[in-house]
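Close look at the chain arrangement
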Amino acid sequence: MPVNHVKFLRSITIPKEVIRVVGHRTFAAGGKAKKGSKGGTAADAPKASILTKEVKSTTVVGANILKDGADPKILPDSEYPDWLWHLLDKHPALSELRRKDVETLPYDDLKRFVKLDNRARIKENNSLKAKN
């Protein structure tokens with residue numbers, strides 16, 4: 001029975017273009033690895049993506065979570081809300097906020113100061129209770 005399956009598979013013709021896209025068989029690198037060496041070689045690194053540069057530059061590849069959905073398109077910057085561009089801005093640390101005058105802080109920094117100060121006090125109280 002397995003012989004019939006092998007004959008069937010050999011009878012299927014696959015265009016060379018499909019084989020190039022899917023990949024090709026490669027053999028392991030020759031020679032033995034050094035004793036005690038860790039990690040892989042450059043041959044062990046993952047292969048580059050087959051996606052074209054055009055597709056990569058117009059869609060967010062891998063962002064689709066739906067079975068029948070498609071990857072979302074990248075929109076021009078004007079289509080996104082203003083707050084999105086400030087998400088990665090650096091915020092001052094608690095020590096820096098303590099050095100400033102609390103009354104002159106902007107609302108966002110004051111809110112951050114209160115949050116970080118409360119968190120620091122809670123940690124300090126918990127550590128004091130844990131020692132006793």
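Criteria and cut-off values
Residues numbered from 1 in each chain as written. Predicted model: local features only at pLDDT ≥ 70, side-chain atom pairs only at ≥ 80, totals over all residues. Heavy atoms only, no water. Helix = DSSP H or I, 4+ residues; strand = E, 2+ residues; numbered from the N terminus. Contact = heavy atoms within 4.5 Å. Areas by Shrake-Rupley, 256 points an atom, 1.4 Å probe, with all protein chains shown as cover. Phe/Tyr/Trp six-rings, centres within 6.5 Å; stacked < 30°, edge-to-face > 60°. Buried < 20%, exposed > 50% of the residue type's maximum accessible area, 1.4 Å probe, protein only. Patch = residues over 30% accessible without salt bridge, like charges linked within 9 Å, V, L, I, M, F, W, Y side chains within 5 Å. Salt bridge = Lys/Arg side-chain N within 4 Å of Asp/Glu carboxyl O. Lys, Arg positive; Asp, Glu negative; His and termini not counted. Charge placed at Lys NZ, Arg CZ, Asp CG, Glu CD. Expected span 1.5 Å × (residues − 1). pLDDT = per-residue confidence, 0-100.

Assigned secondary structure in the chain consists of 5 helices and 0 strands. Ordered by position in the sequence, the α and β elements of the chain form the string α-α-α-α-α. Contacts in the chain between residues at least 24 apart in sequence constitute 7% of all its contacts with a sequence separation of at least 6. Element-wise, carbon and sulfur atoms account for 59% of the exposed surface of the chain, whose accessible area totals about 13,000 Å².

All told, the structure shown has 1 aromatic pair when counted by the stated rule. Seen in terms of ring centroids, Tyr80 and Trp85 are 6.1 Å apart; in terms of plane orientation they differ by 90 degrees. Their pairing is edge-to-face. Judged by relative accessible area, which is 45%, Trp85 ranks as partly exposed.

What follows concerns the side chain of Thr59. Residue placement: Thr59 occurs in the loop between helix H3 (53–58) and helix H4 (94–99). Setting aside chain neighbours within four positions, we find Thr59 in contact with Asp71, Pro72, Lys73 and Ile74.

For the rest of this paragraph, the subject is a positive patch on the surface. A cluster of basic residues, Lys111, Lys115, Arg119 and Lys123, forms a positive patch on the protein surface. Checked against the element boundaries, Lys111 lands in helix H5 (residues 107–131).

Taking 1.5 Å per residue as the helical rise, H5 with its 25 residues ought to reach 36 Å, and the 36 Å between its terminal C-alpha atoms agrees with that figure. Next to the buried residues of H5 lie H4.

A separate point is the confidence of the model for the chain. Interpretation of this model should avoid reading the predicted coordinates in detail wherever pLDDT is low. Predicted confidence across the chain gives a mean pLDDT of 78, with 61% of residues reaching 70 or more. Per-element confidence in the chain is highest for H5, whose mean pLDDT is 94, and lowest for helix H2 (residues 16–22), whose mean pLDDT is 56.

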